[in-house]
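# Working through the structure, step by step
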Amino acid sequence: MRVLITGARGQLGQSLRERVPEDWEVIFTDSKTLDITNSTTLDAMIQGFQPEVIVNTAAYTNVDQAEHEPKQAFAVNAHGVANLAQAAQKVGSRLIHISTDYVFRGNTNQPYTALDAPNPSNVYGKSKLAGELLALGLCEHTTIVRTSWVFSEHGRNFVPAVINKLLDNQTVEIYENNIGTPTYAGALADYIIELVETQNPAKIVHYCSDVILDRVELAQMIATQLSAHTHKQYDIKVTAPVTLANAEHTVRPDYSALRSSQTHPDQAQAVSVLQQHIQTIINSLLNK
Ligand SMILES: NC(=O)c1ccc[n+]([C@@H]2O[C@H](COP(=O)([O-])OP(=O)(O)OC[C@H]3O[C@@H](n4cnc5c(N)ncnc54)[C@H](OP(=O)(O)O)[C@@H]3O)[C@@H](O)[C@H]2O)c1
């Protein structure tokens, strides 16, 4: 299997790098080796390598900053994806493109399925939706994988950020009313690897954990596990509850839980899987 993977320095890219099967012929690219906004370099690389599958994890992911620089967000998340989709179509490659829960508005209380209509509220979500539509329109064999609240041992993300703050005895400030389905990048990477090897997958799929919770509950879960692991009590101190209404931040969907397209374990099993994933991050941080 010849596979080109973009965004190799991102959290999902690094998780894929650790897991791809040894018998795959893979090129991992990052923004230095392949800027997806540069169609000339991109075409040359794809023509040369002739991948069977392209996995696009590259994205402009700074949700707050995107409000101030929409051009840059659209350049990567929409035009860059269009470049990839066109190049994939030219060489007959499949495209697996990663997208986000933020394509949904969040004014609901039921997890979004892959059949629900997107309606993003912020620039990041709008740029990612544009990328989805361009990918589907320009490359015949495209699969969009929407995921949510990705966490991992790589880079800056919610789970290690909370663990590090707790270990430093810092206050953890969390948005209230922000509900989602946290997803371990390693599990998402395993799923994408399966998808690469699947013939004729669906056009749009969702992959996330089956546990729906708000950020305070997730932080509390992390604190409980860290306490058990270290035999020291850690608590989440939500000193000044920040609601989305008064936060000086980007409008984020209040409710962006996804319904995974996978089979669903019972709740106890789903919680146990999420706890194992959090434990992986605790182990990785404490064993550094
Ligand atoms: N993180 C989340 O909570 C979350 C939630 C839902 C969906 N997603 C989606 O999941 C995917 C992976 O996210 P992630 O968390 O792994 O993101 P990430 O850690 O921010 O990594 C994204 C990578 O994209 C690369 N990139 C940016 N602009 C580029 C360009 N012009 N050309 C080539 N590469 C470029 C960056 O490369 P350099 O490091 O080389 O600059 C970065 O390493 C993205 O599609 C994201 O939208 C993420």
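Residues numbered from 1 in each chain as written. Predicted model: local features only at pLDDT ≥ 70, side-chain atom pairs only at ≥ 80, totals over all residues. Heavy atoms only, no water.

## Considering the domain arrangement of the protein
Here the domain parsing of the protein yields domain 1 (2–153 + 181–206) and domain 2 (158–177 + 212–255 + 266–286). Each of domain 1 and domain 2 has a C-alpha centre, and the two are 26 Å apart. Contacts between the two partners involve 22 residues from domain 1, matched on the other side by 20 residues from domain 2. For the domain 1 and domain 2 pair, buried surface summed over both sides reaches about 1,800 Å², with 67% attributable to carbon and sulfur atoms. If you sort the residues of domain 1 by the area they bury against domain 2, Asp64, Trp149 and Phe151 come out on top, with a joint share of 30%. On the surface where domain 1 and domain 2 come into contact, there are 1 salt bridge. (Domains from an automatic or database assignment. Contact = heavy atoms within 4.5 Å. Buried area = accessible area lost by both parts, 1.4 Å probe. Salt bridge = Lys/Arg side-chain N within 4 Å of Asp/Glu carboxyl O.)

## Structural notes on the site of the ligand
As a structural note, the neighbourhood of the ligand is formed by 25 residues, with Arg9, Ser31, Thr61, Tyr124 and Lys128 the closest of them. Contact between the ligand and Gln11: an oxygen atom at 2.9 Å from a main-chain N or O atom of the residue. In isolation the ligand offers 900 Å² of accessible surface; the protein chains occlude 81% of this area. For the shell around the ligand, the elements supplying multiple residues, two or more each, are α1 (11–19), β4 (94–100) and α5 (123–138). Counting residues per element, the shell around the ligand draws most heavily on β4, at 3 residues. For the shell around the ligand, a count of residues per class yields 10 nonpolar, 10 polar and 5 charged. (Near = heavy atom within 4 Å. Polar contact = N/O pair within 3.5 Å; in protein donor to acceptor, adjacent residues only side chain to side chain. Areas by Shrake-Rupley, 256 points an atom, 1.4 Å probe, with all protein chains shown as cover. Helix = DSSP H or I, 4+ residues; strand = E, 2+ residues; numbered from the N terminus. Nonpolar A, V, L, I, M, F, W, Y, C, P; charged D, E, K, R; others polar.)

## Focus on the packing of α1 against helix α7 (residues 185–196)
Where α1 contacts α7, the two axes come as close as 8 Å, and the packing angle between them is 60°. Between α1 and α7, the angle is such that the two are oblique. Of the two elements, α1 crosses α7, and the hand of that crossing is right-handed. Each of Gln11, Leu12, Ser15, Leu16 and Arg19 in α1 lies in contact with α7, whose residues at this interface are Ala185, Gly186, Leu188, Ala189, Asp190, Ile192 and Ile193. (Axes fitted to C-alpha atoms, helices over the stretch in contact; angles between N-to-C directions. Parallel < 35°, antiparallel > 145°, perpendicular 65-115°, else oblique. Left-handed = near helix turned anticlockwise from the far one by under 90°.)

## Quick look at helix α9 (residues 267–286)
Across its 20 residues, α9 extends 28 Å between first and last C-alpha, which sits within 8% of the 28 Å expected from 1.5 Å per residue. For α9, the complete set of buried residues consists of Ala270, Leu274, His277, Ile278, Ile281, Ile282 and Leu285. Buried residues of α9 fall within an arc of 145° about the axis and therefore sit on the same side. If you follow the buried residues of α9, they end up packed against β6 (150–151), α6 (158–167), β8 (183–184), α7, β10 (213–214) and α8 (215–230). For α9, the capping residue at the N-terminal end is Asp266, with a side-chain oxygen 3.2 Å from the backbone nitrogen of Ala268. (Expected span 1.5 Å × (residues − 1). Buried < 20%, exposed > 50% of the residue type's maximum accessible area, 1.4 Å probe, protein only. Arc of directions from axis to C-beta.)

## Focus: the pairing of strand β2 (residues 25–28)
Looking along a regular strand, one sees side chains alternate from face to face of the sheet. Examined bridge by bridge, strand β1 (residues 2–6) and β2 share 4 bridges and lie parallel to one another. Considered in β2, the bridge of Leu4 is made with Ile27. You can see the chain leave β1, run along α1 and come back into β2, and the turn it takes is right-handed. (Pairing = 2+ DSSP bridges. Right-handed = clockwise from strand over helix to strand, strands pointing away.)

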